[in-house]
Structure formats: C-alpha cells, structure tokens
Amino acid sequence: AVFPNATIQLYFGHRYGLIGSNGSGKTTLMNAFAAGEIELPKCVDYYHLKHEVEASDTKTALEAVLESDTEKKMLDDELEKLTSSDDTTDETVQRLEEIYERLDELDADTAEVRAARILLGLGFDKAMQNRCTGSFSGGWRMRISLASALFQNPTLLLLDEPTNHLDIEAVVWLEGYLKNFKKILFMVSHSQDFMNGVCTNIALMQQGRLEYFTGNYDTFVQAKW
C-alpha cells in the first residue's frame, strides 16, 4: 500500500480539502488515486486533473472539452451500431433503453452549451473558445484541462492546486462552481480562502495517516488548535 496506515473515507456530497506539511505525501496520494493504486468501487468513475491539454493546430478549446467526455463518445458509437443493426432481441432493446437513459443523465443534447459555459467561467470568450489549443500558453491549456474535468462531472473529482494559472475572476467563478459540486471532491489547495469557500471537510495528512475534520479550513483550525 502507498500509505499503509491511512484509511480513505470519502462520502458522496462531500468536498474534501487535503492538507499537510510539505513532503507529507499529498501529491503522492493524489497520484495513487489516479494510477488506480487505491481500489475504488467499480461504479465510481474519477478524473484527476494533472496536465494541460495537448497543443493542437486543428482542435479548438471547445472541441477539446467536448471530446474529453469519452463515456459519451463510447455511448454514441454503441448507439449508432445498435440502431443500424436489425437486432431486435430483448437484450438489445434493454441496452438501447440503458444508453438513452445514461445519455439523458449526461445531458448529451446540451453538452456544447455546458462546455461553453464552463470555458466562459474560466476566462474564454467565444472567440477564444474557437481558437486552436496550440495557440494558447501552457497556463491557458491548463484551464482547458480544468474545464474538461468539470465538464465530465465524475463521481470523484481529484484536483491538485486548481487555482494555479487562474486570475481572480476565474478563481471566484471556480469557487462558486465547486461549492455546488454534488458528488465527491478531493483537492489540494494552497489557498485557505478557497478551501473556506468550497470545502465541507478537511483531511489532514501526517505521518502516513489521514485525520478527518468536519467543516472548512477555519473550522479545522479552531478544532485543531
């Protein structure tokens, strides 16, 4: 195990701020999640924001966000294959119903609107959304990756210093967005103000162990000291 003495307890609807001294293993723990070294229930999909989006001379910022939703693409491909076949067995009909239901959950018809809204919140006006990703600096491509993470809306969202590369307007927008995140957020942030605005819980890492506190960063400080 990466942290043999650590117990990971994450609950749906909670937003955790992971804190600890430098070298305590915060980034290692995040990477362990992303690498699948920490076993999660099969029903839990996750996204770890780590790298900026690839620089491309043909793919726009908006297209990069839309294409990041690999589940929707797989469902669309499967739907096309099933509807173009003559298979009318009960299993196929049931699978079609499942696909339509899941696409409805993903708001497939409004995907482009949602992606554009997220990009706008992170500082991309319409003209910028239609520019190729290769025309942006690394910091702006990191914003596109952040937009992709939010767009996918995974069960477990892993963010390591999400406010890096953001200006104050984008930070304020992101704080408002994340404090309404309904699934599980697990993040590292150097900003105490940001954690105060977003987190429902604090996870303190020290000596290979995690200790949990209810409330935001200020509440944690009062409880600990």
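Our structure is the block above this text.
Quick caveat: nothing in here was measured; it's all calculated off a predicted structure. (Residues numbered from 1 in each chain as written. Predicted model: local features only at pLDDT ≥ 70, side-chain atom pairs only at ≥ 80, totals over all residues. Heavy atoms only, no water.)

**Concerning the side chain of Thr163**
Here Thr163 is to be found in the loop between strand E3 (156–160) and helix H8 (168–178). With relative accessibility at 8%, the residue Thr163 sits in the buried group. Residue contacts for Thr163: discarding those within four places in its chain leaves Val171, His190 and Phe194. (Helix = DSSP H or I, 4+ residues; strand = E, 2+ residues; numbered from the N terminus. Buried < 20%, exposed > 50% of the residue type's maximum accessible area, 1.4 Å probe, protein only. Contact = heavy atoms within 4.5 Å.)

**Focus: the environment of Asn201**
Secondary-structure assignment places Asn201 in strand E5 (residues 201–206). When its relative accessible area of 8% is taken as the criterion, Asn201 is described as buried. For the pair Asn201 and Glu54, spaced 147 residues apart in sequence, the C-alpha separation works out to 33 Å. If we ignore the near neighbours within four places in the chain, the residues touching Asn201 are His14, Arg15, Tyr16, Gly17, Phe213, Thr214 and Gly215.

**Things to note about the pattern of salt bridges**
Counted according to the given criterion, the structure contains 5 salt bridges. For the salt bridge of Arg95 with Glu78, the shortest nitrogen-to-oxygen distance reads 2.8 Å. A residue pair is termed long-range when its members are at least 10 positions apart, and Arg95 in helix H4 (residues 90–105) and Glu78 in helix H3 (residues 70–83) qualify at 17 residues. Close ionic contact of Arg143 with Asp167 constitutes a salt bridge, the shortest N to O distance being 3.7 Å. Note that Arg143 is positioned in helix H7 (residues 138–152) and Asp167 in the loop between E3 and H8, a separation of 24 residues in sequence. For Arg143, a relative accessible area of 5% corresponds to the buried category. Put simply, Glu78, Arg95 and Glu98 are held in one network by salt bridges that share partners. (Salt bridge = Lys/Arg side-chain N within 4 Å of Asp/Glu carboxyl O.)

**Remarks on the pairing of strand E4 (residues 184–188)**
Consecutive side chains along a regular strand alternate between the two faces of the sheet. Taken across its 5 residues, E4 has 5 buried, putting it largely inside the fold. Burial along E4 is two-sided: the residues Ile184, Phe186 and Val188 and Leu185 and Met187 are all buried. Relative to E4, strand E1 (residues 15–19) runs parallel, the two being bridged by 3 bridges. Residue Arg15 lies in a different strand from E4, and its bridge partner there is Leu185. Sheet topology note: the E3/E4 ladder contains 5 bridges and is parallel. Directly across from Leu158, in E4, lies its bridge partner Phe186. Handedness of the crossover is the feature at issue here: the chain leaves E3, passes through H8, returns alongside E4, and the resulting connection is right-handed. (Pairing = 2+ DSSP bridges. Right-handed = clockwise from strand over helix to strand, strands pointing away.)

**Brief notes about H7**
An α-helix turns once per 3.6 residues; consequently, residues spaced three or four apart project the same way. Relative to the 21 Å expected for 15 residues at 1.5 Å per residue, H7 spans 21 Å between its end C-alpha atoms, a close match to the ideal helical length. Counting buried residues along H7, 13 of its 15 residues qualify, which places the element largely inside the surrounding structure. Positive backbone phi, at 50 degrees, marks Asn153, one or two positions downstream of H7. (Expected span 1.5 Å × (residues − 1).)

**Brief notes about the sheet that holds E4**
Spatial strand order, E2-E3-E4-E1-E5-E6: 6 strands in an open sheet with mixed pairing. Strands at the two margins of the open sheet, each flanked by one partner only, are strand E2 (46–49) and strand E6 (209–214). Sheet twist, expressed as the mean angle between neighbouring strand axes with direction ignored, is 20 degrees. Judged from the 6 bridges that link them, E5 and E6 form a sheet pairing that is antiparallel. Looking at the pairing, Gln206 lines up with Arg209 of E6. Here H7 sits on the sheet and contacts E2 and E3; the angle it forms with E2, its principal contact strand, is near 165 degrees. (Axes fitted to C-alpha atoms, helices over the stretch in contact; angles between N-to-C directions.)

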